[in-house]
Structure formats: C-alpha cells, structure tokens
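Summary of structural features
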Amino acid sequence: MREIRYREALREAMFEEMERDESVFLMGEEVGHYQGAYKVSEGLLEKYGERRVIDTPIAEAGFAGVGIGAAMVGLRPIIEFMTWNFSFVAFDQIISNAAKVHQMSAGKIQVPIVFRGPNGAAKQVASQHSHSVAPFYTHIPGLHVIQPSTPRDAKGLLKSAIRSNNPVIFLEGETLYGVKGEVPDEGVDELIPIGESRLARAGADCTIVTWGRPYYTVLAAAEKLAAEGIECEVIDPRTLRPLDTELMVQSVKKTNRCVVVHEHWPYGGPGAEIVDRLQREAFDHLDAPLERVTGLDVSMPYASNLEDKVLPTEERVIDAVKRVSYAK
Amino acid sequence: MMVIRRFEEEAARNYAKGKIGGFLHLYIGQEAIAVAAAEVLEDRDYIFQTYRDHGIALARGMAANVAMAELFGKDTGCSRGFGGSMHLFDVERGFLGGWAIVGGHLALAAGTAFKSKYAGEDRVTICFFGEGSTNIGGFHEAMSLAGLWKLPVVFVCENNQYAMGTPLERTSPLKDLSIKAKGYGMPGDRFEGHDVAVVQERLAKAVDRARSGGGPTFVEIQTYRFRGHSMSDPAKYRSRTELEQRKQQDPIVVVREKLMGLGIDENSLDDIDIEVDEEIDAAVRFADESAPALEDVMMSTVLAREDGA
Ligand SMILES: Cc1ncc(C[n+]2csc(CCOP(=O)(O)OP(=O)(O)O)c2C)c(N)n1
Ligand SMILES: [Mg+2]
C-alpha cells in the first residue's frame, strides 16, 4: 500500500485501462492540452496522443452522443463532463439512448461507456454549479451509478466501470480530488466490484450510511460521538445503483438504528431509497425511526455562510445520531 | 470603462484575500463592448450576459457598491448574496442576468424578444456570449427560432479567442464566425472591439434593425481577455508576447489616446481616474461592512408566492 490522492487514483485507473485496452479513449472539454480542468487527466495526452485523448468544443450533447455511438460499435469511451452540472445538456443522450438501447435492441447492442467528472457542491460556485446529481441518474434502469469516497475506491471502481459492458455514471467530487488515502501498490490490478458496500468504521451503537463528500463529515462526527460513548458503524455503499443493502441490514440488526447522510436534496434519490429498503428489510430490528441528514431543500446560495448551512454538517449528524439513540 | 477596470482589479485583490469566493471571471480587456452596448440601448431594452458579467452590469448603471457587495456574498448585493459574481441581476434596468451554463441563456434572450413582439412593445434584447458557446445546441436552437420568427434580438459573440484554455482554432473549423448567421436567415457582422466608438456605431446598426422590425442579427466582435478564464486559470496556454501585443490595443489606452487627440487635457482624465478610485474604494468598504446574506431569504425565495405578495 501507498498513499496517493483521489485525483491521482483516478488518473492511474485511466492510464492502466488505456494501456490494457486500445479501445478505451478519453473525450471531453480541456482533458488534453489543458491537462483537465481539475488536472485529473494530467499526462494522458502526452502518453496516448490526440487520437485517444480528445479535446472537444463545448458541446456536451454532441460528445456524449458521439461516445454512445462509438460504444455501440465496440469502443470503450470515457466521457468527461467538466462538472456533472453540464451533463444536463446531455441528459437526453444518456437517458433516451445510452440507458435504453440494450433492451430496445433485445440485448444485441451494448453501451460500454463511462461518464465521469466532479459532482456536487464545491465552494461558493452557486446554484447552477452545485448539483448533486445522483438522484437524477439512479432513477434510470439501464445505468450503473457509482460515487466513490476514497482514493482506493475511486481507482478500483473506475477500473471496473471502464470494463463494464454497461453505461456507468461515475460521480467524483471536486472537494475530494485532494484527499489522500491508501491504494494498492503499482502493478496491483485491483478491481472493486460494482454494487458492493464497504464497512468504513465498526461500531455497535448506531449505523450511519453515507458516501461522497459527507463521508468525511460523518467520520469526523463519529470520532466526536465516540468520545461521548456512542460508537457509530459507518457504511459506504460506493455504488448507488445497483444498491447493495446487505451490510447495512446486518449492521442495523446489530445497532437497531440508522442515520443516512447525503449531500443531495431530501426529495427521493438514493437516500430515500436506502431508507425505504432498510425499513422493509430490518423492520423488526429498528428501535427508532430511520433518520436522514441531507442537503437542505433549497437552490444552493452563493454566500458561504449559507452554503455552510445547506450542506450536511458534523453538528447535524451528531444531533441525528443522538436523536435516534435517545441520548442527550 | 475605468469603473469596470478598477472594479475588477479590486475584485481580484479581494478574491486573493478570500473575501470573494467561487468563480470570478474578469472582463478586463473587453470593456469597450459593454460600454458601447449600454450607450446604444434604451432604458427599456433587455440584456443577457454570461458569467463574465461585471462589465455590462456596471455599464448599465448598477452601482459599484451593490455589485461588490454581491461578490462579497452580502445581503446588500444586487442578488442579496445568492448569485455571486456569475449571477448579477439588475431587473429594474433590464439586465436579466449573468448565466453560468454555456449556451443556456441564448434562448431566454429569444424569449424576451418574443415577448416584445407578442405584446407589440418596442424593446430590443441584446444577448452576449463567448465564441466557445457557438458550438453548443443552445446556441443553434436559439438562433434558429429567432431567425425563423424574426425576433427583435441581437446576438453578440464576444470572441476573446479562448474558451477556457482552448483557442478558437481547436473548437471551430471556421475562422469567421459571423458567417454562421446565414444558416439562420439573419444578417451577420464582424469587427474589432477595442475602439468603443466603432463598437457603438456597429452595434447601433444591429439594434436599429431589431427595433425597426428587421429581425435578429448575429454580431461577432473580436476582443481579448487580459486575465485568465477565471481566477483559478494561470493562462499558461498563451505566450507572453501574444498578451503584450494585445495589450497594445487595451480599449482604455485606445480611448484615452483618442480623447487626448481631440484636445482633452490629460489632467482632467487623471481626475476621472482619481474619482473612480474613490468610488471603488468606497464600494469595497461598503461590501465589507454590509451584513451577510440571510437565511430567511434563502428559505423564502426558492419559489414565488402564489398570492402575488
Ligand atoms: C454547458 C457548459 N459546459 C461547460 C461549462 C464550463 N465552462 C464555463 S465557461 C467555459 C468556456 C466558455 O468560453 P466562451 O464561450 O468563449 O466564453 P468566455 O469565457 O471566453 O467569455 C466553459 C467550458 C459550462 N459553464 N457550461
Ligand atoms: Mg471566449
């Protein structure tokens, strides 16, 4: 093991998969000469040239569609959205085409494509640039949706996503790109399977399910709660569709309570889906209502004092855990 | 022009100090375009711009302190701290926003022009965007509809040569973007944007055409931004020489020389500079001392009230 940043983990995954498979290419705005708007693709153009690392004009619907078309006949595109906010312009391509053509063609056409880029709020980039998009895409049968929290998961899941025969929505985090974590040594080809949750912290008192940026908020809150005698068990689903609830259910059977913490809005989405499944799969074991800590149900304000209120905070996590634990 | 220039230089300084956050896109080098447009338009006309919107907001008459307070995320800002630099609004002056999704606002401009035609109102819409925005669907669809319905709108492409780090030759097979106009059945124009008088004269033609029922025009104005795309862009993709060459045509230097050539005394120009410095210093003080954005405004502005209050 060695420590690298989340950004480097993603980059390594792309390098390794492009090296392994000639049909993999990267396409998007500023991915080549500029080395990526967030420097994720640094060095790729130098290594693989303009044939496989392709800068596009600002035309998301166009290059998403080009990627889908190329995938239908055998290439394995990685399409980078500079941020997921801009995927809305390409929504129709992803929903009506990428997600549909396999079944529409009675399974004759596959779309092995990855759409990736930073998702969610960054810092004060305001309402049009702060969307946490998982709810939009997890709604759609025909897509996989992955949102890794750590460098190791980022690398292992991106490699699996690139090898998948289905369209994958891969949600990174601008605020996570600099996060460091342990990743297997160079040369170790670790593939983390799509659709497997991971135990991030063991604890007997309260289960917390979380992913993405709030993952770190939750881990910090868990330490504070531990100091007060409440041990939280933290589970990261890593893949939001298909969703693996097995670990969560096991955990809830032990702790008898659960808080789900996510950045996206409270109305629907994977947060609500997890709560729905847990209440059915672990109903007899619950000692308190399932709670959620979510991004507030407003458009993201620019002002930092308000942005801080909208995003899940340690304080809100601690309060929720105490509420379901009937603790003061 | 000096107000815009000093405002943005001061904004950049305050960004470095952490008083301004998020994305900050400066208009430095392009000021003549906004100033000329404001000169040509009537008070009743509508304006749309991208996130690079300080120039047009100030040229249209937004007070520097209200704009600066918005950048500081304060309740006294034009959008009460909810928009920030990218989303200035001055509805009373017909400035209908800075918009941050490339291509997203062009159809809105066709929409306000549609209203003018629908209601028989004498209001022209002017819509600004960068050359990088001429490849996205939003551009083509807005141009198609405006051309078809002969809407009173002027589409102004501020061709500052780069879309973030990508020069025009890597995003378009065309050198002359104005020929795109033909495909939408509207006239096109193309000229350089460093001389405010020239911009004013040429924009006036397009605005007059829209006002007199002649329909839309697509105008490509050649310009250059002296700073990076936004504060996080060191602009390594262009050479120093290129930048220095472009600075020879700094619209402020150009207008200053022109005025002096007309016999205007240098001291009186310097006096204007001093006045502007004071105005901008006061704007920063005002922004700094204002109260932060309010939570109850956040909770109550997601939706409009149904009772009209
Ligand atoms: C749909 C969409 N894709 C990508 C972006 C990110 N982005 C913001 S500005 C920009 C470059 C725009 O260049 P141009 O249109 O030339 O305008 P300029 O910034 O030069 O004024 C890009 C790629 C965006 N805001 N919206
Ligand atoms: Mg440009």
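Residues numbered from 1 in each chain as written. Chains lettered and ligands numbered in written order. Predicted model: local features only at pLDDT ≥ 70, side-chain atom pairs only at ≥ 80, totals over all residues. Heavy atoms only, no water.

Let's talk about the site of ligand 1
In the neighbourhood of ligand 1, 22 residues make up the surrounding shell, with Glu60(A), Tyr51(B), Arg52(B), Gly132(B) and Ser133(B) lying closest. Around ligand 1, the nearby residues trace back to chains A and B. At a separation of 2.9 Å, a nitrogen atom of ligand 1 approaches a polar backbone atom of Ala100(B). Glu131(B) places a polar side-chain atom, nitrogen or oxygen, 3.0 Å from an oxygen atom of ligand 1. When ligand 1 sits alone it has 580 Å² of accessible area, and the protein chains cover 96% of it. In terms of residue class, the shell around ligand 1 is made up of 12 nonpolar, 6 polar and 4 charged. (Near = heavy atom within 4 Å. Polar contact = N/O pair within 3.5 Å; in protein donor to acceptor, adjacent residues only side chain to side chain. Areas by Shrake-Rupley, 256 points an atom, 1.4 Å probe, with all protein chains shown as cover. Nonpolar A, V, L, I, M, F, W, Y, C, P; charged D, E, K, R; others polar.)

A look at the interface of chain A and chain B
The interface of chain A with chain B comprises 31 residues on the first partner and 37 residues on the second. Between chain A and chain B, a total of about 2600 Å² is buried, with carbon and sulfur atoms accounting for 66% of that surface. Three residues stand out in chain A for area buried against chain B, namely Ile58(A), Gln128(A) and Tyr302(A), and they jointly supply 26% of the buried area on that side. Our enumeration of links across chain A and chain B arrives at 2 salt bridges. Classifying every residue of the side of chain A that touches chain B by side-chain character gives 19 nonpolar, 6 polar and 6 charged. (Contact = heavy atoms within 4.5 Å. Buried area = accessible area lost by both parts, 1.4 Å probe. Salt bridge = Lys/Arg side-chain N within 4 Å of Asp/Glu carboxyl O.)

Some points on the pattern of salt bridges
One pass over the full model with this rule turns up 53 salt bridges over all chains. The shortest N-O distance in the salt bridge between Glu266(B) and Arg256(B) comes to 3.7 Å. In this pair, Glu266(B) is assigned in helix H11 (residues 266-289) and Arg256(B) in helix H10 (residues 251-261), connecting sequence segments 10 residues apart. Owing to a relative accessible area of 41%, Glu266(B) belongs among the partly exposed residues under this scheme. Taken together, the shared-partner salt bridges in this structure form one network comprising Arg2(A), Glu12(A), Glu16(A), Glu17(A), Arg20(A), Lys155(A), Lys159(A), Arg163(A), Glu186(A) and Asp189(A). (Helix = DSSP H or I, 4+ residues; strand = E, 2+ residues; numbered from the N terminus. Buried < 20%, exposed > 50% of the residue type's maximum accessible area, 1.4 Å probe, protein only.)

Quick word on the pairing of strand E1 (residues 2-5) of chain A
Residue and element names in this part refer to chain A. Of the two faces of E1, the one holding Arg 2 and Ile 4 is buried and the one holding Glu 3 and Arg 5 is not buried anywhere. By the bridge criterion, 4 bridges tie E1 to strand E8 (residues 180-183) in an arrangement that is antiparallel. Paired with Glu 3 across the bridge in E8 is Glu 182. (Pairing = 2+ DSSP bridges.)

Digging into the pairing of strand E11 (residues 232-236) of chain A
Residues and elements named next belong to chain A. Extensive coverage of E11 is indicated by the burial of 5 of its 5 residues. Every second residue of E11 is oriented toward a common face, with Cys 232, Val 234 and Asp 236 on one face and Glu 233 and Ile 235 on the other, all of them buried. Sheet analysis places strand E9 (residues 198-201) next to E11, joined by 3 bridges and oriented antiparallel. Bridge pairing links Arg 198 to Asp 236 in E11. Here 4 bridges tie strand E10 (residues 206-210) to E11, and the two strands are oriented parallel to one another. When the bridges of E11 are listed, Ile 208 appears paired with Val 234. Regarding topology, helix H8 (residues 214-227) serves as the crossover connection from E10 to the parallel E11, and that connection is right-handed. (Right-handed = clockwise from strand over helix to strand, strands pointing away.)

Comments concerning the coordination of the magnesium ion (ligand 2)
Residue and element names in this part refer to chain B. The protein atoms donating to the magnesium ion (ligand 2) are Glu 131 (OE), Glu 131 (OE), Asn 160 (OD1) and Tyr 162 (O), with metal-donor distances spanning 2.1 to 2.8 Å. Every donor counted, the 6 donor atoms about the magnesium ion (ligand 2) form angles of 50 to 171° at the centre, which fits irregular coordination. Look at where the donors of the magnesium ion (ligand 2) fall in the sequence and you get E-x28-N-x1-Y. The pair Asn 160 / Tyr 162 is uniform in exposure class, with both members buried. (Donors = N, O, S within 2.8 Å, 3.2 Å for Na, K, Ca; no water. Tetrahedral: all angles 85-135°; square planar, octahedral: opposite > 155°, others 65-115°.)

Observations concerning a nonpolar patch on the surface
Residue and element names in this part refer to chain B. A cluster of nonpolar side chains, Phe 114, Tyr 118, Leu 145, Leu 148 and Trp 149, forms an exposed patch at the surface whose accessible area comes to about 600 Å². Elements with a contribution of two residues or more to the nonpolar patch: helix H5 (106-119) and helix H6 (137-148). Residue position: Phe 114 is located in helix H5. (Patch = residues over 30% accessible without salt bridge, like charges linked within 9 Å, V, L, I, M, F, W, Y side chains within 5 Å.)

Some words on the environment of Leu157(A)
Residue and element names in this part refer to chain A. Structurally, the position occupied by Leu 157 is in helix H7 (residues 151-163). Look at Leu 157 and you get buried, because its relative accessible area is 0%. Distance in space between the C-alpha atoms of Leu 157 and Thr 313 is 27 Å, their sequence separation being 156 residues.

Details of the domain arrangement of chain A
Residues and elements named next belong to chain A. Per the domain assignment, the segments of chain A are domain 1 (2-183) and domain 2 (198-324). The partner domain 2 presents 26 residues to the 32 residues of domain 1 that form the contact. Between domain 1 and domain 2 the total buried area reaches about 2300 Å² when both faces are included, carbon and sulfur atoms providing 54% of it. Three residues, Gln 124, Gln 147 and Ser 149, lead the burial of domain 1 against domain 2; their summed loss comes to 24% of the area buried on that side. Applying the counting rule to domain 1 against domain 2 returns 4 salt bridges. (Domains from an automatic or database assignment.)

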